[in-house]
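Here is what each chain is made of, one letter per residue.
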Amino acid sequence: MVGTPLRSPVASRGPLFALILLGFLVPGVAPGVAHTAPPSPATSAPANAASANAPTDDGEANSPRAVAAAFLAACRGGDYAEASKFLDLSKAEAARGTELARRLDAVLARKLWIEPKTLSPYARGGKESDGKGAAFEELGVLTDKKGRKIPIRLLRREGEAEPRWVFSKDVTGHIDEWYEALGDRWIREHVPDALLRPGPKDLLLGQWAAIPLFLLVAALLGRLGAWLTRSAVRPLASHAAPAWEEPLGRRLQGPLALALACLVLYATSGFLALYEPAEVFYIRCLRAAFFVSVFWALLRAVAAIAEIAKSAAWAKDRRGAVLLSDFGTRVARIAILALGGVAVLSELGYPVTSLLAGLGVGGIAVALAAQKTMEHLFGSVAILADQPFRVGDTVRVEGVLGTVEAIGLRSTRIRTEDRTMVVWPNGKLADLRIENLATRDRYRHVFDLKLSGRTPVAALAPLFEALREELAKEGVVVAEACLIHVTHLSGDTIEVDVTVTATVASAVAFLPVRERLWLAFLTTLDRQRVSLATSLPQPPRFPDPPAAAE
């Protein structure tokens, strides 16, 4: 038996990779999630609750809209005797009027959901109150067991004190046939009436009672399926990418378990026998849960990638890359949470368009107010990406020489030789000329030898040669890059510069080399009988004695 409802049926279920959200257990998820109130299929329970959301104005008295709303209200209140007054029954059928009303309500709830607001609000029927009216109002079409289409109509019955609308004899004559074909008929006849009463979100109380059991079974099967899946994939993943298997597989096991639990819930949703509005709400919550699982998996994947990047061999010597990775991880997590929140709220029916518009305006205001902060933030990103220096490097910036102690998201701290701390905003620092002394591969130093002016010229050449021999003995000195030359002559001084290039990176590393070279130079001067220039103190000058008195 196939029903063709007056409005569009529930969208067909495609492949759903989602998990159930417990959020739909909380009333009022979002406006517009459920459009009608739940019907009840029980004898004493309300059945079709479309009337709960019918327009405030039910139209004219005895109009198709008013009659449909009254029928559904009577069923919802469990007053099936009152509901039977809207059926066109023969005298033989009148004795079963209450039972037929209950069964028709169950059939309509499962096969043809009625919304009274779609029907004519005029007592004579039709779309306009033009006086012509209509003889019937068609609600939809159902098929009998032979496949014939039976229109579900309200007929206008004449011949009484006042014409009124009732369900046609074609409908009442097929009620038993349609009811016997319902898949949940056994439940309707054996479950206590209390469990068939409507609850929140168009779900019957019995369905609410069954959902925790469904969740428990789905959770257990989901965890089992995730464990089996990882056990099957682990050998292949360990062989193909051993560094990725443990952190990534361990973190994704939770989202995978929930996704599999959702599949179980979706596959077993038919056993809940949900009415159309409840099914729409249920499926929407499942889709929202799917987004939750996807974005949860993305968050776990980002954390796993960050962990793998930090433990990689290349990251041990690149502290800047690790800092940039931490910053990128934070940004990625914030972006994933924002996108996931918007996606879930949108699926649950919240108006995210206005939310996004408000966030856009607020973002512009925040960006204008935090312009300098954003400048320093992007400056830190540029520094971490370009890596002109690292923590521990000796740098010279704008004449300030010191060691980099910290690179933050807003500023960089440099410890000077005087043990003071200089803080540079990253936005400004990224535009300055930075001299990194830690990246040089050689160190250059000039020894200033001031020889005595009495040194014979003939003694200079042997002296220079002896100095070169001493330089060649020092292992870190690049002999071919060393220079020895006279730079200045004066009456009592011959100034000689010895330029030494060593394969050390810093002045601190060169200190022991300089000490050894000075000792070697002094020994060579003694051996060559060349003396250094000395500055003799001038004798004190005393004032002239006063002239003797004549």
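Going by the structure above, here's the rest.
The rules behind these values
Residues numbered from 1 in each chain as written. Predicted model: local features only at pLDDT ≥ 70, side-chain atom pairs only at ≥ 80, totals over all residues. Heavy atoms only, no water. Helix = DSSP H or I, 4+ residues; strand = E, 2+ residues; numbered from the N terminus. Buried < 20%, exposed > 50% of the residue type's maximum accessible area, 1.4 Å probe, protein only. Contact = heavy atoms within 4.5 Å. Areas by Shrake-Rupley, 256 points an atom, 1.4 Å probe, with all protein chains shown as cover. Pairing = 2+ DSSP bridges. Axes fitted to C-alpha atoms, helices over the stretch in contact; angles between N-to-C directions. Phe/Tyr/Trp six-rings, centres within 6.5 Å; stacked < 30°, edge-to-face > 60°. Lys NZ or Arg CZ within 6 Å of the ring centre and 35° of its normal. Salt bridge = Lys/Arg side-chain N within 4 Å of Asp/Glu carboxyl O. Core = buried A, V, L, I, M, F, W, Y, C linked by side-chain atoms within 4.5 Å. Patch = residues over 30% accessible without salt bridge, like charges linked within 9 Å, V, L, I, M, F, W, Y side chains within 5 Å. Expected span 1.5 Å × (residues − 1). Bend = angle between axes of the 7 residues up to and from the residue. Left-handed = near helix turned anticlockwise from the far one by under 90°. Polar contact = N/O pair within 3.5 Å; in protein donor to acceptor, adjacent residues only side chain to side chain.

Peer 1: Whenever I open this one, the overall build of the chain confuses me. Can you help?
Peer 2: The secondary structure content of the chain amounts to 17 helices and 12 strands. Burial statistics for the chain: of 550 residues in total, 39% are counted as buried. Once local pairs closer than 6 in sequence are excluded, the contacts in the chain between residues at least 24 apart make up 66%. When the accessible area of the chain is evaluated, it comes to approximately 30200 Å², of which 59% is carbon and sulfur surface.

Peer 1: Whenever I open this one, the sheet that holds strand β12 (residues 493–502) confuses me. Can you help?
Peer 2: Strands belonging to one sheet form pairs held by backbone hydrogen bonds; the direction of such a pair is parallel or antiparallel. In space, the 3 strands of this open sheet follow the order β10-β12-β11, with antiparallel pairing throughout. A strand with exactly one partner marks an edge of an open sheet, and here the two such strands are β10 (443–452) and β11 (483–489). Geometrically, the sheet is characterised by an average inter-axis angle of 25 degrees between neighbouring strands, direction not taken into account. In the sheet, β11 pairs with β12 via 6 bridges, with the strands oriented antiparallel.

Peer 1: How should I be thinking about the packing of aromatic side chains in this particular structure?
Peer 2: Within a pair of aromatic rings, the relevant descriptors are the distance that separates the centres and the angle that separates the planes. Using the criterion set out here, one finds 6 aromatic pairs in the structure. Ring centres of Phe447 and Trp518 lie 5.2 Å apart, and the angle between their planes is 80 degrees; on these two criteria the pair is classed as edge-to-face. Of this pair, Phe447 sits in strand β10 while Trp518 sits in helix α17 (residues 507–527), and the two are 71 residues apart along the sequence. Its relative accessible area of 33% is what places Trp518 among the partly exposed residues. Ring geometry for Trp518 and Phe521: centres 6.4 Å apart, planes at 75 degrees, overall edge-to-face. Placement of the pair is Trp518 and Phe521 together in helix α17, with a separation of 3 residues, close to one helical turn. On the accessibility criterion, Phe521 (0% relative accessible area) is buried. Grouping aromatic residues by their ring pairs yields a cluster made of Phe447, Trp518 and Phe521. For Arg153, the ring lying beneath its charged end belongs to Phe136, and the centroid distance is 4.1 Å.

Peer 1: I tried to follow the pattern of salt bridges on my own but got confused; where do I start?
Peer 2: Opposite charge on two side chains makes pairing possible when the charged atoms of those side chains draw close. One pass over the structure, following the stated rule, counts 15 salt bridges. The partner of Glu99 in a salt bridge is Arg102, with the nearest N and O atoms 2.4 Å apart. Here Glu99 and its partner Arg102 are both found in helix α4 (residues 97–111), 3 residues apart, which amounts to about one turn of the helix. Glu99 gets classed as partly exposed once you look at its relative accessible area, which sits at 26%. With a closest N to O distance of 2.5 Å, Arg516 and Glu474 form a salt bridge.

Peer 1: How should I be thinking about the nonpolar core in this particular structure?
Peer 2: Among soluble globular proteins, nonpolar side chains are generally buried collectively. Within the largest apolar cluster, 32 residues are counted, with the highest numbers of intra-cluster contacts made by Phe71, Leu87, Leu104, Leu108, Leu139, Ile152 and Phe167. Formed by 25 residues, the second largest nonpolar core is a distinct cluster that contains Leu463, Leu467, Phe521 and Val530.

Peer 1: Can you help me understand the environment of Leu377 in this one?
Peer 2: Mapped onto the secondary structure, Leu377 falls in helix α14 (residues 371–386). When its relative accessible area of 21% is taken as the criterion, Leu377 is described as partly exposed. Expressed as a C-alpha distance, the spacing of Leu377 and Gly427, which sit 50 residues apart in the sequence, is 7.1 Å.

Peer 1: Would you mind going over the sheet that holds strand β9 (residues 434–436) with me for this structure?
Peer 2: Read from one edge of the open sheet, 5 strands run β8-β7-β6-β5-β9, paired in antiparallel fashion. Either end of the sheet is taken by a strand with one partner, and the two such strands are β8 (421–425) and β9. Averaged over all neighbouring strand pairs, the angle between strand axes comes to 40 degrees, with direction disregarded. By the bridge criterion, 3 bridges tie strand β5 (residues 394–397) to β9 in an arrangement that is antiparallel.

Peer 1: Would you mind showing me how to read a nonpolar patch on the surface here?
Peer 2: A surface patch of nonpolar side chains, amounting to about 590 Å² of accessible area, comprises Leu213, Val217, Leu221, Leu224, Trp227 and Leu228. Here Leu221 lies in helix α8 (residues 205–240). According to the relative accessible area criterion, Leu221 is partly exposed, its value standing at 43%.

Peer 1: What should I look at first to understand α17 in this one?
Peer 2: Every α-helix carries 3.6 residues per turn, so stepping three or four residues along brings you back to the same face. Its 21 residues give α17 an end-to-end C-alpha distance of 29 Å, which sits within 8% of 30 Å, the value for a rise of 1.5 Å per residue. Taking the largest bend as the criterion, α17 deviates by roughly 30 degrees, centred on Val513. Those residues of α17 that are buried are in contact with β10, α16 (460–473) and β12. Taken from the residues just after α17, Arg529 is the one with a positive phi, measuring 55 degrees.

Peer 1: Help me understand the packing of α16 against α17, please; the structure alone is not making it clear to me.
Peer 2: If you want to describe how two helices pack, look at the angle between their axes and the distance between the axes. For the pair α16 and α17, interaxial distance at closest approach is 10 Å and the crossing angle is 145 degrees. As α16 runs across α17, the sense of the crossing is right-handed. Listed contacts from α17 to Leu463, Ala466, Leu467, Glu470 and Leu471 of α16 are Leu517, Ala520, Phe521, Thr524, Leu525 and Arg527.

Peer 1: It is not clear to me how the side chain of Thr493 should be interpreted in this structure. Could you clarify?
Peer 2: Note on placement: Thr493 falls in strand β12. On the basis of relative accessible area, Thr493 is assigned to the buried category, the value being 12%. A distance of 3.3 Å separates the side chain of Thr493 from the side chain of Asp492, its partner in a polar contact. Those residues in contact with Thr493 that lie beyond four places of it in its chain are Lys450, Leu451, Gly453, His488 and Ala533.

Peer 1: How should the pairing of β8 be read in this particular structure?
Peer 2: Every other side chain in a regular strand lies on the same face of the sheet, so the side chains alternate between the two faces. In terms of strand pairing, strand β7 (residues 411–416) meets β8 through 5 bridges, oriented antiparallel. Of the residues in β8, the one forming a bridge with Ser411 is Pro425.

Peer 1: Quick question: what am I supposed to make of the side chain of Thr416 here?
Peer 2: Inspection of the secondary structure assignment puts Thr416 in strand β7. Thr416 gets classed as buried once you look at its relative accessible area, which sits at 11%. At 2.5 Å, the side chain of Thr416 forms a polar contact with the side chain of Thr420. If sequence neighbours within four positions are ignored, Thr416 has contacts with Val400, Leu401, Gly402 and Val422.

Peer 1: I'm lost on unusual backbone geometry in this one. Help?
Peer 2: Across the chain, the bulk of peptide bonds are trans and the bulk of non-glycine residues have phi less than zero. We note that Arg419 has phi near 65 degrees; this positive angle belongs to a residue other than glycine. Residue placement: Arg419 occurs in the loop between β7 and β8. A positive phi is found at Arg529, a non-glycine position, where the angle reads about 55 degrees. Relative to the elements of secondary structure, Arg529 occurs in the segment after α17.

Any functional reading would require information that these geometric values do not contain.
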